[in-house]
Amino acid sequence: MRKLLLLQILLIPFCVSIQAQSPYIHKVFEYRPAPGQWVNKLPEYETGDTHEDMILKVEEAIAGDEKGLVTLGAYGGYIVFGFDHLVENRPGKYDFKIWGNAYYSNPALAAGSSEPGIVMVSYDANGNGIPDDPWYELAGSEYYKPQTIKNYEITYYKPDPDKVPTPHPTFSFLTDTSYIKWTDNRGATGYVARILFHQQHYYPQWINEGTLVYEGTKLANNGVDETGNGLFIQYAYPWGYADNHPNDNIRSNFDIGWAVDAQGNKVDLPGIHFVKVYTGVNQYCGLWGETSTEIMGAEDFHIQGIDIDVLGVKTEMLPNARAYYAQGRLHLENLEGCYGTLFNINGQIVNSFQITSSNDIREINLVSGAYFLKVQKQNTIKMFKFVIY
């Protein structure tokens, strides 16, 4: 009886699931903000919330196309999120966008509210679906400048709940200038000040540790108090940072080709699955408080068939295209004249071919796992995903 049951199991054919991929954030893996005026508000902390509760709230705010708002707090505060597919690295093209809430008060000078976040990316080389592979920084416009500090580390100290506030003698909006102390590995000391408009706790309340430590690349300050009354103007960096330019500006787009390793060497990634963003500036801007990157979501350009180069040129997806795998055969419909490349989950090429007819059927035996099919016709590209069980 046992042998018969085993035989029946072995005769069951592979099932195929063709899933519609989302161009937006699929999952949030980590959320660890540094202290800040919007912490415990974006998203809202409620008594008893755990780390997992807060991650779920962040995911509900920014996954898909919700476009909620999540704060990362002062320097170093970060978020890690992922897509449900490989975001392809297309040479010379922008690959994805990160939405923030930056804006211009003076478009000619790219000046207004710019709270730049450094972006890191990771490719799921081991195929386990979690961000435990090497991280690479996207080297933005400031990466190689002497004012940019590598291997910067900062420590924030949880404030005593009985601490006596120290209001600013001139600026009434500063209700506690020594609220949350910080020290860094370059001998500097300072404070995340408390301002009148935000009276909740600034230290993340679901974290019990008495200190928070962050490290990474630190950008030069971009805020200037041009009037002397605490109303700072923040000047956007040219390119390569989150929450740096408005969402409708091409300079809020990202190219995976900018990736570098810890020594600053260029790396060639086939694509990415995970993104980490952290606040890249340690500065205080008067009435606006600490500089803190905010995130509203992210979008893979290629999954929607949009191909954007540095000039902002777009191409449309292939109409009526369809691909599916069943019983050892790859079915390709309305893709005549395209060139197909089939990748496994590790980004390795399994097969490549020219599609010769509008109903092309190919004999390809695939073992269980996830696969990506890229079909290209001139400058138009479309991706398909297959999961074979």
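How each quantity is defined
Residues numbered from 1 in each chain as written. Predicted model: local features only at pLDDT ≥ 70, side-chain atom pairs only at ≥ 80, totals over all residues. Heavy atoms only, no water. Helix = DSSP H or I, 4+ residues; strand = E, 2+ residues; numbered from the N terminus. Polar contact = N/O pair within 3.5 Å; in protein donor to acceptor, adjacent residues only side chain to side chain. Contact = heavy atoms within 4.5 Å. Core = buried A, V, L, I, M, F, W, Y, C linked by side-chain atoms within 4.5 Å. Buried < 20%, exposed > 50% of the residue type's maximum accessible area, 1.4 Å probe, protein only. Salt bridge = Lys/Arg side-chain N within 4 Å of Asp/Glu carboxyl O.

> Quick one: what's the story with the side chain of Gln200, residue by residue and with numbers?
Within the element layout of this structure, Gln200 appears in the loop between β13 (189-195) and β14 (211-218). A polar contact of 2.7 Å, which involves the side chain of Gln200, links it to the backbone oxygen of Gln37. Here Val39 takes part through its backbone oxygen, which lies 3.0 Å from a polar atom of the side chain of Gln200. Discounting residues that sit within four places of it in the chain, Gln200 has contacts with Gly36, Gln37, Trp38, Val39, Asn40, Lys41, Tyr179 and Arg194.

> Quick rundown of the side chain of Arg194? Include the residues and the values.
Relative to the elements of secondary structure, Arg194 occurs in strand β13. Only 2.4 Å separates the side chain of Arg194 from the backbone oxygen of Gln199, close enough to count as a polar contact. When residues no more than four places from it in sequence are discounted, the contact partners of Arg194 are Phe173, Leu174, Thr175, Asp176, Tyr179, Gln199, Gln200, His201 and Tyr202.

> So what about the nonpolar core? Which residues, and what values?
Ranked by size, the top nonpolar core spans 72 residues in total, and within it Phe96 and Tyr156 carry the most contacts. The greatest single-element share of this core, amounting to seven residues, is contributed by strand β4 (residues 78-88). Residues Ala323, Ile355, Leu373 and Val375 belong to the second largest nonpolar core, which totals 16 residues.

> Lay out the pattern of salt bridges with the relevant residues and their values.
Under the defined criterion, the tally for this structure stands at 10 salt bridges. Here Glu88 makes a salt bridge to Lys374, at a shortest N to O gap of 3.3 Å. Here Glu88 is found in strand β4, whereas its partner Lys374 is found in strand β28 (residues 369-377), with 286 residues between them in sequence. Like Glu88, the residue Lys374 is buried in the burial classification. The salt bridge partner of Asp360 is Arg362, with a shortest N-O separation of 3.4 Å. By relative accessible area, Asp360 is classed as buried at 5%. Residue Arg362 is classed as partly exposed on the basis of its relative accessible area, which comes to 21%.

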